[in-house]
Amino acid sequence: MKKKYLITTCLDYFKNKNKKSTLLAGDWCLRDTKSDKIIFKNIFPSIWNNIKIQRKDIKIQKKIHGRLCGLISNYLFTYHNKKIPKKILSYYIHVWLVYYISFYFYKWKTLNKIFSKNSNLIFRDYKTSHNPNFNNTKDFYNTAFKSNFFNYVAFKRIINFKKKNNLTKINIIKKNESLKNDYNEKKYQISFKENIIMRFINFYQKIFNRKLLILDGLNYKLNILTNIKYFQIPIDFTILFKWPDKLFKRKKNIRKIHIETKTNDKFEKFLIQNLYNDIPSCFTFNFNLIDNQVNKIKLNPDKIITSAMYIHNDFVKLWLLKKKFINKKKLIFIEHGGGHHILGINWYNYQQLVGDIYIPWKNSSSDEIKNKIPNPKYLFNIKTRKKNSNKIIYVTSEIKDYVVHNRSGPMSIKENNIFSNFDTLSNNLKKDIVKNLYFLTKSELSTYFKDVLNNILSSKKVLKPGTLNSEIPKSKLIICTYPQTSFIDSLLTGPTILLYNSKQWPPDNDMKKFYNDLKKNKIAFEDPVSAAKHINSNWNNLNAWWNKENVKKSRMNYLKKFNVAPNRNNSFFYYLNKLNSSL
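Worth saying up front: this structure is predicted, and the values here are computed from it rather than measured.

Cut-offs used in this document
- Residues numbered from 1 in each chain as written.
- Predicted model: local features only at pLDDT ≥ 70, side-chain atom pairs only at ≥ 80, totals over all residues.
- Heavy atoms only, no water.
- Core = buried A, V, L, I, M, F, W, Y, C linked by side-chain atoms within 4.5 Å.
- Buried < 20%, exposed > 50% of the residue type's maximum accessible area, 1.4 Å probe, protein only.
- Helix = DSSP H or I, 4+ residues; strand = E, 2+ residues; numbered from the N terminus.
- Contact = heavy atoms within 4.5 Å.
- Salt bridge = Lys/Arg side-chain N within 4 Å of Asp/Glu carboxyl O.
- Pairing = 2+ DSSP bridges.
- Axes fitted to C-alpha atoms, helices over the stretch in contact; angles between N-to-C directions.
- Parallel < 35°, antiparallel > 145°, perpendicular 65-115°, else oblique.
- Left-handed = near helix turned anticlockwise from the far one by under 90°.
- Polar contact = N/O pair within 3.5 Å; in protein donor to acceptor, adjacent residues only side chain to side chain.
- Nonpolar A, V, L, I, M, F, W, Y, C, P; charged D, E, K, R; others polar.
- Phe/Tyr/Trp six-rings, centres within 6.5 Å; stacked < 30°, edge-to-face > 60°.
- Lys NZ or Arg CZ within 6 Å of the ring centre and 35° of its normal.
- Patch = residues over 30% accessible without salt bridge, like charges linked within 9 Å, V, L, I, M, F, W, Y side chains within 5 Å.
- Areas by Shrake-Rupley, 256 points an atom, 1.4 Å probe, with all protein chains shown as cover.
- Lys, Arg positive; Asp, Glu negative; His and termini not counted.
- Charge placed at Lys NZ, Arg CZ, Asp CG, Glu CD.

Caption draft 1: Local environment of the nonpolar core. In terms of nonpolar packing, the biggest core is built from 112 residues, with I72, Y104, F140, L271, I290 and W319 touching the most fellow members. Here this core gets 20 residues from one element, more than from any other, and that element is helix α3 (residues 86-117). Apart from residues no more than four positions distant in its own chain, I290 is found in contact with Y92, W243, P244, F248, C282, F315 and L318. Ranked by size, the runner-up nonpolar core spans 61 residues in total, among them L457, L468, F487 and W545.

Have a look at this one:
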């Protein structure tokens with residue numbers, strides 16, 4: 001059998017001159033290649049392109065998470081001289097551990113599948129001396145998604161572990177060459193203006209306390225109104241929780257991590273053995289610096305409202321956990337975004353576990369209070385469209401380079417039909433309509449997708465990434481390619497359609513009938529040709545279609561599931577009082 005070189009990232013892909021004798025672990029290896037030079041051959045398919053497999057793997061990872069969370073928090077409890085309760089440490093590492101396990105699980109299982117089907121493989125082991133040092137969860141998350149270097153290092157660690165433990169027969173060839181490290185440590189700078197504001201707020205917080213602290217989750221207007229209701233000056237305290245980057249020690253200063261486990265599972269043993277490499281320093285040798293800074297924050301509210309700020313900010317996370325479990329304060333967590341899909345990430349119900357009250361976007365709870373609290377993102381905050389605009393905005397989701405966690409949406413380049421759908425749509429729209437079509441991404445595109453887009457659209461028609469909020473008022477029609485927050489944002493403001501692949505975005509069971517109704521009323525489409533025909537037929541009087549009784553009823557029923565119906569505006573403070581009295 002002919003030998004093949006196993007390619008794991010863009011870095012070793014470009015190093016290998018003989019592309020025919022390769023097997024790519026995934027098509028992410030092509031993300032930095034121009035589209036006209038790509039041939040989709042010898043690429044191992046994504047192991048998570050099947051919903052049933054993903055759901056099964058989520059259950060496996062959740063069990064591993066429970067076991068490792070206990071082991072690691074016990075270790076940290078001793079490491080920090082038993083000064084911090086185990087429960088706080090367990091919830092402190094919880095989110096990072098979700099990413100850590102999933103990031104390596106995907107690679108481990110992918111390699112298992114590859115090795116089971118290919119017996120004559122070679123892996124080139126390049127020098128990787130400067131491994132990333134992570135300060136916090138956000139550092140790990142962003143690097144895992146974007147860095148070719150870190151992903152190569154991760155694959156390399158697994159392959160070497162498997163070889164050492166006789167789990168693979170792959171031939172490893174040591175190379176003297178070093179790979180380019182594209183990992184750039186994020187430094188969080190505080191501007192002069194922010195420094196002045198911080199000094200003022202530091203002074204203010206010491207002399208005034210408040211019953212309710214709003215960190216995030218409420219829109220600007222609602223934040224002000226809620227503070228006024230509580231007879232508080234509306235001050236934004238979030239600057240106090242900016243990551244204290246200047247305090248951090250950069251050089252790794254932690255002894256090897258020794259955690260005893262009785263497990264025979266090789267993957268779990270690998271994760272424990274690899275902890276030393278990837279555990280963020282804010283959990284270990286920089287923890288005391290963070291903890292001391294947390295103790296300087298003198299705010300002592302009775303109740304705290306937050307949504308997403310704490311997820312990747314380990315500074316505010318530690319402060320919240322100490323307030324909850326030491327000072328016995330109440331936490332109100334508001335769901336971030338309209339997650340209502342079977343494969344949506346929820347960090348294993350983290351918000352429900354930590355919060356005293358969890359307010360979901362989707363109306364599915366039997367709890368009357370939770371059901372009737374209007375969505376705080378949209379209350380008094382629904383945008384309006386300009387009457388004379390002709391713009392059509394084609395909105396895409398964030399396209400991740402590497403797989404870090406289970407999620408809905410396309411899991412590989414080949415599965416991503418956003419660009420092919422756009423091309424088909426534009427080719428089927430009338431000439432006087434297609435001239436108004438613009439492309440808007442949520443984040444910067446990789447080299448491959450930039451090249452694909454350049455081949456089908458002028459750069460003048462590509463809007464600045466992440467600017468949907470400012471583009472909504474300028475739009476006559478918005479075409480969303482994924483059924484999440486942006487779709488709700490757009491649906492609330494005027495004519496909007498959804499053009500997506502329902503197999504990649506499987507909704508919760510209670511949402512299926514609403515998506516079927518959206519399709520029936522031509523608000524949701526899976527075929528770009530059908531979407532183009534609908535736009536062509538209704539373009540001259542789009543509002544007439546949008547305000548048809550059946551179309552209006554369909555979208556209103558959908559929006560009611562997310563508590564964003566307009567008639568909820570007047571009832572917010574009534575239910576806020578009921579929520580307050582229940583704590």
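Caption draft 2: Looking closely at the pattern of salt bridges. Counted under the stated rule, the structure contains 19 salt bridges. Here E268 makes a salt bridge to R67, at a shortest N to O gap of 2.5 Å. Taken as a pair, E268 in helix α8 (residues 266-278) and R67 in helix α2 (residues 51-79) lie far apart in primary sequence, 201 residues in all. We note a salt bridge from K324 to D356, for which the minimum N-O separation is 3.2 Å. Highlighted residues: K324 in helix α10 (residues 314-325) and D356 in the loop between α11 (350-354) and β8 (357-359), separated in sequence by 32 residues. Connected via shared salt-bridge partners are K362, D508, D510 and K561.

Caption draft 3: Region of the structure containing the sheet that holds strand β7 (residues 330-334). Strand order in this open sheet of four strands is β5-β6-β7-β8, and the pairing throughout is parallel. Every other strand in the sheet has two partners, leaving β5 (212-214) and β8 as the edge strands with one partner each. Within the sheet, the average angular offset between the axes of one strand and its neighbour, ignoring direction, is 15°. Strand direction decides the pairing type here: β5 and strand β6 (residues 303-306), joined by three bridges, are parallel. Of the residues in β6, the one forming a bridge with I214 is I305. On the sheet, α10 packs against β5, β6 and β7 and is oriented at approximately 145° with respect to β6.

Caption draft 4: Region of interest: the side chain of K322. With respect to the helices and strands, K322 occurs in helix α10. On the basis of relative accessible area, K322 is assigned to the buried category, the value being 13%.

Caption draft 5: View of the packing of α3 against helix α5 (residues 148-164). Between α3 and α5, the shortest axis-to-axis distance is 10 Å and the interhelical angle comes to 55°. When the axes of α3 and α5 are compared, the pair comes out oblique. Taken as a pair, α3 and α5 cross one another with a handedness that is right-handed. Of the residues in α5, those touching α3 at F103, Y104, K107, W108, L111, N112 and F115 are F150, N151, A154, F155, R157, I158, I159, F161 and K162.

Caption draft 6: Expanded view of the side chain of T128. With respect to the element layout, T128 can be found in the loop between β3 (121-127) and α4 (137-146). At a separation of 2.9 Å, a polar atom in the side chain of T128 contacts the side chain of K156. Apart from residues lying up to four places away in sequence, T128 is in contact with F149, Y152, V153 and K156.

Caption draft 7: A look at the sheet that holds strand β11 (residues 475-480). One open sheet accounts for five strands, arranged β10-β9-β11-β12-β13; its pairing is parallel. Each edge of the open sheet carries a strand with a single partner, namely β10 (437-440) and β13 (524-525).

Caption draft 8: Local environment of helix α15 (residues 447-456). Of the positions making up α15, those classed as buried are Y448, F449, D451, V452 and L453. Considering only its buried residues, α15 is in contact with α13 (418-428) and β10.

Caption draft 9: Broad picture of the environment of G337. Mapping G337 onto the fold places it in the loop between β7 and α11. Here the alpha-carbon distance between G337 and Y106, two residues 231 residues apart in the chain, equals 25 Å. Apart from the residues within four sequence positions on either side, G337 is in contact with W361 and T485.

Caption draft 10: Representation of the packing of α3 against α10. Two elements in contact, α3 and α10, have axes separated by 10 Å at closest approach and are oriented at 150°. Relative to α10, the element α3 is oriented roughly antiparallel. The chirality of how α3 crosses α10 is right-handed. Contact residues: α3 offers K87, I88, Y91, Y92 and V95, while α10 offers D314, K317, L318, L321, K322 and F325. Residues that form the contact of α3 with α10 fall into these classes: seven nonpolar, no polar and four charged.

Caption draft 11: Examining the packing of aromatic side chains more closely. Evaluated as defined, the whole model comprises 49 aromatic pairs. Aromatic pair Y91 and Y350: ring centres 6.0 Å apart, planes at 70°, arrangement edge-to-face. Pair noted here: Y91 is in helix α3 and Y350 is in helix α11, with a separation of 259 residues, a long-range link. Each member of the pair Y91 and Y350 is classed as buried. In this arrangement the basic side chain of R124 is found over the ring face of Y5, its NZ or CZ atom lying 3.9 Å from the centre. Against the face of W539 rests K476, its NZ or CZ located 3.9 Å from the ring centre.

Caption draft 12: Representation of the environment of H65 in the model. Within the fold, H65 resides in helix α2. Taking C-alpha positions, H65 is 6.7 Å from V98, a pair spaced 33 residues apart along the chain. Beyond its immediate sequence surroundings of up to four residues, H65 is in contact with H94, L97, V98, I101 and Y348. Polar side-chain contacts of H65 include one of 3.0 Å to the backbone oxygen of H94.

Caption draft 13: How the structure looks around a positive patch on the surface. Residues R55, K59, K63 and K512 make up a contiguous surface patch of positive charge. Element by element, the count of residues in the positive patch is highest for α2, at three residues. Examined against the element boundaries, K59 turns out to sit in helix α2. K59 sits in the exposed class, given a relative accessible area of 59%.

Caption draft 14: Spotlight on the pairing of β11. Within β11, six of the six residues are buried, leaving the element largely enclosed by the surrounding structure. Inspection of the sheet shows β11 paired to strand β12 (residues 496-499) by three bridges, in the parallel sense. In the sheet register, I479 faces β12, and the bridge partner there is I497.

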